[in-house]
Amino acid sequence: MLIIGLTGSIATGKSTVSSLLSSPPYSVPIIDADLLARQVVEPGTPAYKAIVAYFGPSTPDLLLPPSTSENDPSGSSSASPRPLNRPALGRRVFGTTPDRKRDRQILNKIVHPAVRWEIYKALLYYYVRGEWAVVLDVPLLFESGMDLICGTVVVG
């Protein structure tokens with residue numbers, strides 16, 4: 001199976017290339033690392049739990065406020081876990097201070113392995129299905145070392 005690495009900065013055409021390759025006549029499956037990065041931190045996942053365990057005690061607004069059910073006249077919140085407040089987490093990890101850099105490294109050590117694992121699972125899935133090729137859309141393809149598993153790389 002040919003693994004086509006797709007990379008590039010914001011607004012360089014990655015979405016256009018993905019759209020073209022995923023449509024007929026090619027119909028190549030797309031593995032989107034950005035989408036996977038959002039999925040691996042959804043409530044209940046191991047990465048979510050690790051983020052909440054590390055950042056929660058020192059980041060009071062780490063989780064979004066509980067939503068109230070329209071069908072519940074008492075206004076009590078549902079028992080489901082609350083999603084991450086991504087802007088609050090971003091404020092915690094982005095910046096140039098040593099604390100921000102350390103926190104960003106910790107967040108990356110939680111999220112990146114989870115994303116990589118999901119990528120490998122998707123690659124295996126498409127291989128078993130007999131796909132002739134798959135597009136691996138990873139903005140930081142070279143920085144992550146994922147270019148090494150690609151048969152070819154397209155820079156958008």
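One can find the structure itself at the top, above this paragraph.
The structure presented is a predicted model; accordingly, all values stated were derived computationally and were not measured. (Residues numbered from 1 in each chain as written. Predicted model: local features only at pLDDT ≥ 70, side-chain atom pairs only at ≥ 80, totals over all residues. Heavy atoms only, no water.)

A. Representation of the overall build of the chain in the model. In terms of helices and strands, the chain carries six helices and four strands. For the chain, the N- to C-terminal ordering of α and β elements is β-α-β-α-α-α-α-β-α-β. A principal-axis box enclosing the C-alpha atoms of the chain has dimensions of 55 × 45 × 30 Å. For the chain, the residues scored as buried account for 31% of the 156 residues in total. Summarising the internal contacts of the chain: among those between residues at least 6 apart in sequence, 66% fall at separations of at least 24. For the chain, the computed accessible surface area is about 9,600 Å², with 60% contributed by carbon and sulfur atoms. Taken as two groups, the 15 positive and 13 negative side-chain charges of the chain have centres that lie 7 Å from each other. (Helix = DSSP H or I, 4+ residues; strand = E, 2+ residues; numbered from the N terminus. Buried < 20%, exposed > 50% of the residue type's maximum accessible area, 1.4 Å probe, protein only. Contact = heavy atoms within 4.5 Å. Areas by Shrake-Rupley, 256 points an atom, 1.4 Å probe, with all protein chains shown as cover. Lys, Arg positive; Asp, Glu negative; His and termini not counted. Charge placed at Lys NZ, Arg CZ, Asp CG, Glu CD.)

B. The layout of surface pockets, seen in detail. Of the pockets and cavities examined, the largest pocket occupies roughly 850 Å³. What lines the largest pocket is a set of 26 residues, among which D34, A37, N108, V111 and H112 lie closest to the centre. Those elements that provide at least two residues to the lining of the largest pocket are α2 (33–39), α4 (86–93), α5 (98–128) and α6 (141–144). The biggest single contributor to the lining of the largest pocket is α5, with eight residues. When its residues are assigned to classes, the lining of the largest pocket shows 16 nonpolar, four polar and six charged. (1 Å grid on protein atoms, 1.4 Å probe; cavity = no way out; pocket = protein on both sides within 12 Å on 5 of 7 lines; lining within 4 Å. Points joined across faces, edges and corners; volume = space filled by probe spheres on them. Nonpolar A, V, L, I, M, F, W, Y, C, P; charged D, E, K, R; others polar.)

C. Main features of the packing of aromatic side chains. Applying the stated criterion across every chain, the model contains two aromatic pairs. On the numbers, 4.7 Å between centres and 85 degrees between planes, the contact of Y54 with F55 is edge-to-face. Each ring, one from Y125 and one from Y126, has its centre 5.1 Å from the other, and the planes form 70 degrees; the classification is edge-to-face. Given a relative accessible area of 16%, Y126 falls into the buried group. (Phe/Tyr/Trp six-rings, centres within 6.5 Å; stacked < 30°, edge-to-face > 60°.)

D. Examining the pattern of salt bridges more closely. All chains considered together, the criterion is met by six salt bridges. Here R91 and D61 are joined by a salt bridge, their closest N and O atoms 3.1 Å apart. Taken together, the positions of R91 in helix α4 and D61 in the loop between α3 (46–55) and α4 put the pair 30 residues apart, joining distant regions of the chain. Judged by its relative accessible area of 34%, D61 is partly exposed. R92 is the partner of D103 in a salt bridge, and the nearest nitrogen-oxygen pair spans 2.7 Å. Of this pair, D103 sits in helix α5 while R92 sits in helix α4, and the two are 11 residues apart along the sequence. (Salt bridge = Lys/Arg side-chain N within 4 Å of Asp/Glu carboxyl O.)

E. Spatial organisation of the packing of α3 against α4. Relative orientation of the contacting elements α3 and α4 amounts to 55 degrees, with a least axis distance of 13 Å. Considering the angle they form, α3 stands oblique to α4. At the point where α3 passes α4, the crossing takes the left-handed sense. Contacts from I51, Y54 and F55 in α3 reach L89, R92 and V93 in α4. For the contact of α3 with α4, the per-class residue count stands at five nonpolar, no polar and one charged. (Axes fitted to C-alpha atoms, helices over the stretch in contact; angles between N-to-C directions. Parallel < 35°, antiparallel > 145°, perpendicular 65-115°, else oblique. Left-handed = near helix turned anticlockwise from the far one by under 90°.)

That's the geometry; what it means functionally is another story.
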